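Observations on the model geometry
These are the residues of each chain, in order.
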Amino acid sequence: MATVFLDTETTGLDDDAQVVEIAVVDENGSVLFESYCRPTVPVDPGAQAVHGIGPEVLAGAPQWPEIAGRVRRVLEGRVVVIFNAAFDTRILVQTAAAHGDPADWVRDLDTRCAMYRAADVYGATNRYGTISLVNAAARAGIEFVGRAHSAAGDAATTALLWRTMSLPR
């Protein structure tokens, strides 16, 4: 079964947070899908400070119903590796729900969490017992791919990290 790597950037972290950018890459980091996604809630200023995506970028972006089918097609039937899988899948479900879409297919995805695996391999670096993608990449000795806190860059870095963690040490 093919493996893909997903990352999202979001409006925030809370129970109303939604996707503002999503990317899916293959095992080599090549982009299979990438899009901004206009949310139904405002972007939290703290989140915008991290990823740089604000209302001006999102004004002409498609909303979830316009991209959901393409996202589903690129994910279903594949192993989906996500750095913090529980968070990103929750955000996908919340984004869909904001548009009246139950997105049951998201819960059925075959996901793996690169964050917990990286914490096991390289050690936890925070009070939650996990590790950030930036810290995991540094501990793995790999260069960050693209720009940190961009969906495609984070997904491609996760793909490289996953490959690196799979190598014999």
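Everything discussed here concerns the structure shown above.
Residues numbered from 1 in each chain as written. Predicted model: local features only at pLDDT ≥ 70, side-chain atom pairs only at ≥ 80, totals over all residues. Heavy atoms only, no water.

Focus on the packing of helix H6 (residues 114-122) against helix H8 (residues 151-166)
Two elements in contact, H6 and H8, have axes whose closest approach is 11 Å; the angle formed by their N-to-C orientations is 40°. Our classification of the angle between H6 and H8 gives oblique. Like other packed secondary-structure pairs, H6 and H8 cross with a definite hand, here left-handed. In this structure, H6 contributes Ala114, Arg117, Ala118, Val121 and Tyr122 to the contact, and H8 contributes Thr158, Leu161, Trp162, Thr164, Met165 and Ser166. The class makeup of the residues in the contact of H6 with H8 is seven nonpolar, three polar and one charged. (Axes fitted to C-alpha atoms, helices over the stretch in contact; angles between N-to-C directions. Helix = DSSP H or I, 4+ residues; strand = E, 2+ residues; numbered from the N terminus. Parallel < 35°, antiparallel > 145°, perpendicular 65-115°, else oblique. Left-handed = near helix turned anticlockwise from the far one by under 90°. Contact = heavy atoms within 4.5 Å. Nonpolar A, V, L, I, M, F, W, Y, C, P; charged D, E, K, R; others polar.)

Some points on the side chain of Thr3
With respect to the helices and strands, Thr3 occurs in strand E1 (residues 3-10). A relative accessible area of 14% means that Thr3 is categorised as buried. (Buried < 20%, exposed > 50% of the residue type's maximum accessible area, 1.4 Å probe, protein only.)

Side note on helix H3 (residues 64-75)
With 12 residues, H3 ought to run about 16 Å at 1.5 Å a step, and its terminal C-alpha atoms sit 15 Å apart, in line with that. Among the structural elements, E1, strand E2 (19-25), strand E3 (31-36), strand E4 (79-82), helix H4 (85-97) and helix H5 (104-107) are those in contact with the buried residues of H3. Where H3 terminates, the next one or two residues include Gly77, which has phi positive at roughly 80°. (Expected span 1.5 Å × (residues − 1).)

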